[in-house]
Amino acid sequence: MTRTRVLIVDRDEPEPDLIAEAAVVLSRGGLVAFATETVYGLGAVATNADAVRGIFQAKGRPSNNPLIVHAADVDHARRYAARWDDRAESLARRFWPGPLTLVVPRTASIPDVVAAGGPTVGVRVPAPTVARRLIERVGLPLAAPSANRSNRISPTLAEHVAADLDGRVDLILDSGPTAVGLESTVLDLTAEPPRVLRPGPITADELSAALGVAVESGPVATDPGRLASPGMLPVHYAPKTRALRVPTVAELVAVDWPERAGLIAFEPLPEGSIPDRVVRFVLPDPVVAARELYRALHDLDARGLDLIVAVEPPAGAAWDAPRDRLRRATTPHR
Ligand code: AMP
Ligand code: MG
């Protein structure tokens, strides 16, 4: 692959010539990283199987892990669904553009490689103007997983993408930090009742309220070899540094702190609970935690520490997505 170019683009009023340039790269089968409201995505034209294979190659992603397809608006998304019922329509109208992916039966124009061979496609409409202008300009939906190497931390800044994928993607559109910071909620509408396959910024309770039926959550038993939602792999999003988690701040006293260590917590730390030398991120609000979690992990990981410790987020649905990602990034302390 050639050198990766970075174009700085205005988040609110993206320069039309820059969008056009990125669209040409995509139309020719290339890879362009761009910001969605969740994390930076690594985009390719979703209907071009060869281009999509390039995503798997660049990420080192296992081919049984399906990709989310990003559309410009509800009408555009609907074209790629073989069935689009009242539930899909009402959720799309209510939450799009936004961080909700709907898993629906796919049409033949979505290639197997996007769907990891399954009969469904995960679609959503991203919020940022840059993302939607890009999709509109290409005129086709974009398959875009997170723009990181497989099993690394998802990128919330263009710099994270460059550090991980330099030389492996054609272009990075840098429009600044992502607003939400955690991957979308994935809702399987082919299940009865609908099932949250991956917790995210929109909670199961919000979806239940919108649908008027209780949605379920968590993995389903599927054929061995095919993952229901590979975003649910137990180890994922992990820093390179050894990373442990403790259930509560009270347990921090039991940690044997090396000289160089970092901490992520989601509530204020009791006086004297950790040594002064520990680099810390305290994120006591779920919205802030979602936005800053990956940034904190990237920051700590880049310091070459000997240990990162995270305290599990408190109970409550608002913390489900940060708790889920943190569990995948860390292993239990003792
Ligand atoms: P990412 O890992 O950030 O690339 O996000 C893609 C995730 O979306 C996958 O790991 C799945 O969890 C989910 N997903 C996408 N398409 C489907 C699908 N057809 N069926 C189930 N889950 C899907
Ligand atoms: Mg990912």
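Refer to the structure above for everything that follows.
Treat the numbers as computed from the prediction; the structure is a model and nothing was measured. (Residues numbered from 1 in each chain as written. Chains lettered and ligands numbered in written order. Predicted model: local features only at pLDDT ≥ 70, side-chain atom pairs only at ≥ 80, totals over all residues. Heavy atoms only, no water.)

J.: What exactly am I supposed to notice about the overall build of the protein here?
T.: Of the regular secondary structure elements, the protein holds 10 helices and 16 strands. What you see for the protein is a C-alpha radius of gyration of 20 Å, in line with the 20 Å of a compact globule of 334 residues. Each principal axis of the C-alpha atoms in the protein carries an extent, and together these give about 60 × 50 × 40 Å. Here the protein holds 334 residues, and the buried ones make up 56% of them. At a minimum sequence separation of 6, the contacts of the protein that also span at least 24 residues come to 66%. When the accessible surface of the protein is summed, it comes to about 14,000 Å², and 50% of that surface belongs to carbon and sulfur atoms. (Helix = DSSP H or I, 4+ residues; strand = E, 2+ residues; numbered from the N terminus. Rg over C-alpha atoms; globule rule 2.2 N^0.38 Å. Buried < 20%, exposed > 50% of the residue type's maximum accessible area, 1.4 Å probe, protein only. Contact = heavy atoms within 4.5 Å. Areas by Shrake-Rupley, 256 points an atom, 1.4 Å probe, with all protein chains shown as cover.)

J.: Looking at this model, I keep getting lost on the side chain of D301. Mind explaining?
T.: Within the element layout of this structure, D301 appears in helix α9 (residues 286-302). As a buried residue without a salt bridge, D301 has its nearest oppositely charged side chain in K240, at a separation of 5.3 Å. In terms of polar contacts, D301 uses its side chain to reach the backbone amide nitrogen of K240, at 2.9 Å. Not counting the four nearest positions on each side in its chain, D301 is found in contact with I153, P239, K240, T241 and I308. (Lys, Arg positive; Asp, Glu negative; His and termini not counted. Salt bridge = Lys/Arg side-chain N within 4 Å of Asp/Glu carboxyl O. Polar contact = N/O pair within 3.5 Å; in protein donor to acceptor, adjacent residues only side chain to side chain.)

J.: Teacher, can you tell me more about helix α7 (residues 158-165) here?
T.: An α-helical turn contains 3.6 residues, so any two residues separated by three or four positions project in the same direction. For α7, the full list of buried residues reads A158, H160, V161, D164 and L165. Each buried residue of α7 lies within a common arc of 155 degrees when the element is viewed along its axis, so the set occupies one face. Lining the buried residues of α7 we find β2 (32-35), β3 (40-45), α2 (49-59), β8 (171-174) and α9. Once α7 ends, the next one or two residues include G167, with phi positive near 85 degrees. (Arc of directions from axis to C-beta.)

J.: Explain the sheet that holds strand β16 (residues 331-332) here, please?
T.: Strands belonging to one sheet form pairs held by backbone hydrogen bonds; the direction of such a pair is parallel or antiparallel. Judged by pairing direction, the sheet is parallel, and its 5 strands sit side by side in the order β14-β13-β15-β12-β16 without closing on themselves. In this open sheet, the two strands that pair with only one neighbour each are β14 (279-282) and β16. As defined by bridge partners, strand β13 (residues 261-265) adjoins strand β15 (residues 307-311) across 4 bridges and the pair is classed as parallel. Along β15, the bridge assignment pairs A261 with L307. (Pairing = 2+ DSSP bridges.)

J.: Whenever I open this one, the sheet that holds strand β7 (residues 142-143) confuses me. Can you help?
T.: Reading across from one edge, β1-β8-β2-β3-β7-β4-β6-β5-β9-β10-β11 is the order of the 11 strands in this open sheet, with mixed pairing throughout. Both outer strands of the open sheet, β1 (5-8) and β11 (216-217), are each paired with one neighbouring strand and no more. Alignment of β1 against β8, held across 4 bridges, turns out to be parallel. When the bridges of β8 are listed, V6 appears paired with I172. Sheet strands in contact with α2 are β3 and β7, and its direction is about 145 degrees off that of β3. Running over the sheet, helix α6 (residues 129-138) touches β2, β3, β4 (68-70), β7 and β8 and is turned about 140 degrees from β2. (Axes fitted to C-alpha atoms, helices over the stretch in contact; angles between N-to-C directions.)

J.: I would appreciate a short explanation of helix α8 (residues 204-211) in the present structure.
T.: For α8, the full list of buried residues reads L207, S208 and L211. Looking straight down α8, one finds its buried side chains confined to an arc of 100 degrees; they lie on one side. Those residues of α8 that are exposed and aimed more than 90 degrees away from the buried face are D205 and A209. Buried residues in α8 make contact with α4 (86-95), β5 (100-105), β9 (185-188) and β10 (195-198). Directly beyond the C-terminal end of α8, a positive phi value near 75 degrees is found at G212.

J.: What exactly am I supposed to notice about the pattern of salt bridges here?
T.: Two side chains with opposite charge may pair up if their charged atoms get near one another. Applying the stated criterion across every chain yields a total of 20 salt bridges. Between R93 and D75 there is a salt bridge, with the nearest N and O atoms lying 3.8 Å from each other. In this pair, R93 is assigned in helix α4 and D75 in helix α3 (residues 74-78), connecting sequence segments 18 residues apart. We note a salt bridge from R106 to D112, for which the minimum N-O separation is 2.9 Å. Taken together, the shared-partner salt bridges in this structure form one network comprising D75, R78, E89 and R93.

J.: I would appreciate a short explanation of the pairing of β3 in the present structure.
T.: Among the 6 residues in β3, 6 count as buried, and that is most of the element. Sheet topology note: the β2/β3 ladder contains 4 bridges and is antiparallel. Bridging from a neighbouring strand, F34 pairs with G41 of β3. Linking β2 back to β3 in an antiparallel pair, the connection comprises 4 residues.

J.: Help me understand the side chain of T36 in this model?
T.: Turning to its location among the elements, T36 is positioned in the loop between β2 and β3. Judged by relative accessible area, T36 falls into the buried class, the value being 3%. At 2.8 Å, the side chain of T36 and the side chain of T38 are in polar contact. Polar side-chain contacts of T36 include one of 2.9 Å to the backbone oxygen of V39. Dropping the residues within four chain positions of it, T36 is found in contact with H70, R124, P126, P128 and T178.

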